[in-house]
Structure formats: structure tokens, C-alpha cells
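Coordinate inspection notes
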Amino acid sequence: MPPLDREMAKLVERYLVKHGVHVELSDGVAGFRKSTDGALEVLTEKGKVHPADIVIMAIGVRPETELAKAAGLEIGKRGGIRVDEQMRTSEPDIFAVGDAVEVKDFVTGEWTLIPLAGPANRQGRIVADVIAGRKSRFRGPRGHRSASFSARRSPPPA
């Protein structure tokens, strides 16, 4: 559960186990197969086999950054395109927004990915403002994984 802090992940794990869910950590899924009686089995990378009534694949979102890498743009530790508060990349004439960018968290100051439509929309409007000469900026999420944002806007240049 990488998006969660270790303390929060432990709470989720305890809840799942309490309700009869088998939690297998640090071992990825290698595949699936039908057992001889037709039941579903999950095969792990470490060679384990787990019977399953249902499998929920919550694999998350990963930014597509191949074009950015080919253009020589800075890619952050989380795999997103690094941008500043005006959504400029390491190449000042190139902007990036949405699921592919890493922004600084408003509270923690750490780089984060925000794969949500609301922030992507806001980031796009900030880029439009910046191109139009306004001093808008994306201040990042307020609170952990929150979708609340603000920008300071100045009137358009005269």
C-alpha cells in the first residue's frame, strides 16, 4: 500500500485480517490459474500458491513519461515529471500537468503524484494563466492526499 504512510497501512492491514482477508506483503503476483477442481489460484513471484474466491487488482497509476525522458526532462524519484509551481518542467519552455507530474505537497514539502482529475484541471488552468502572463501558481495538495488547491492570480498585464 505505497500511497499510505506505514502507520496507516498497518491499520488497513489489521482491519483486513480481522475480517478474514489474507494479506501477503512483499511478494508480487506472478499469475493466475485454475486448480484441478476449477477454483482460482494466485501464483506469487516467490513461488507460493494461494486459493482465492475473488481477486481485486488495485495496481494504481503510473505516469507515462517516455516522451519526457526522451526530451531530457527531469524525472523525479516517484517516476513523475518534476515541475515547479507554475507547472514548468526542467526545460522552462515546456509545461506538464496531470497524472504525469510530481508536485510538492503543501504540508510536507515532499514530492508527490496526484492522479486525480480535479488537480489536473487546476494545473491546466494555471498553465493557461502563466502563458497569458498571469502570476498563477500551483501550491500543491493541502493535507495528505487531499484534492483541495489554491492559486494566487493577478490581473492580466495591461
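Higher on the page you've got the structure.
The structure reproduced in this document is the subject of the present report.

Rules of the game
Residues numbered from 1 in each chain as written. Predicted model: local features only at pLDDT ≥ 70, side-chain atom pairs only at ≥ 80, totals over all residues. Heavy atoms only, no water. Helix = DSSP H or I, 4+ residues; strand = E, 2+ residues; numbered from the N terminus. Buried < 20%, exposed > 50% of the residue type's maximum accessible area, 1.4 Å probe, protein only. Contact = heavy atoms within 4.5 Å. Areas by Shrake-Rupley, 256 points an atom, 1.4 Å probe, with all protein chains shown as cover. Pairing = 2+ DSSP bridges. Axes fitted to C-alpha atoms, helices over the stretch in contact; angles between N-to-C directions. Core = buried A, V, L, I, M, F, W, Y, C linked by side-chain atoms within 4.5 Å. Patch = residues over 30% accessible without salt bridge, like charges linked within 9 Å, V, L, I, M, F, W, Y side chains within 5 Å. Salt bridge = Lys/Arg side-chain N within 4 Å of Asp/Glu carboxyl O.

So, on to the overall build of the protein. The number of helices and strands found in the protein is three helices and six strands. Taken from N to C terminus, the helices and strands of the protein fall in the order α-β-β-β-α-β-β-β-α. The buried share of the protein, taken over its 158 residues, is 27%. Looking at the protein alone, contacts between residues at least 24 apart form 33% of all its contacts between residues at least 6 apart. If you sum the accessible surface of the protein, you get close to 10900 Å²; carbon and sulfur atoms cover 55% of it.

Next up on the list: the sheet that holds strand β6 (residues 111-113). With mixed pairing, the three strands of this open sheet are ordered in space as β4-β5-β6. Edge positions in the sheet fall to β4 (81-82) and β6, since each of these pairs with one other strand and no more. Taken together, the three bridges between strand β5 (residues 101-104) and β6 define a ladder with antiparallel strand orientation. The residue bridging E102 from the neighbouring strand is L113, located in β6.

Now for the pairing of strand β3 (residues 49-52). Only one face of β3 is buried, namely the one carrying H50 and A52, since none of V49 and P51 on the opposite face is buried. Note: strand β2 (residues 40-44) against β3, four bridges, orientation antiparallel. What sits directly across from V42, in β3, is H50.

Our next topic: the sheet that holds β2. Within the open sheet, the three strands sit side by side as β1-β2-β3. Their pairing is antiparallel. Pairing within the sheet leaves two strands with one partner each, and these edge strands are β1 (29-34) and β3. Across the sheet, the axes of successive neighbouring strands diverge by a mean angle of 30 degrees, strand direction being ignored. One ladder, built from five bridges, connects β1 with β2; its direction is antiparallel. When the bridges of β2 are listed, F32 appears paired with V42.

A few words now on the environment of I54. Structurally, I54 can be placed in the loop between β3 and α2 (66-70). Exposure remark for I54: the relative accessible area of 63% places this residue in the exposed category.

Only a minority of non-glycine residues have a phi that is not negative, and only a minority of peptide bonds are not trans. Of note in the backbone geometry, S26 takes a positive phi value of approximately 60 degrees without being a glycine. Within the element layout of this structure, S26 appears in the loop between α1 (6-18) and β1. With phi around 70 degrees, M87 is a residue other than glycine that occupies positive phi space. Mapped onto the fold, M87 is located in the loop between β4 and β5. Its relative accessible area of 0% is what places M87 among the buried residues.

What follows deals with the nonpolar core. Within the largest apolar cluster, 14 residues are counted, with the highest numbers of intra-cluster contacts made by I81, V83, M87, V101, V103 and F138. Of all the elements in the fold, those that place two or more residues in this core are β5 and α3 (117-131). Setting aside anything within four residues of it in sequence, one finds I81 in contact with T65, A68, L73, E74, I75, T89, A96, A100, V101 and E102.

Quick look at a nonpolar patch on the surface now. Where nonpolar side chains cluster on the molecular surface, the patch consists of V29, F32, M57 and I59 and spans about 440 Å² of accessible area. Structurally, V29 is set in strand β1. On the basis of relative accessibility, which here comes to 49%, the residue V29 falls in the partly exposed class.

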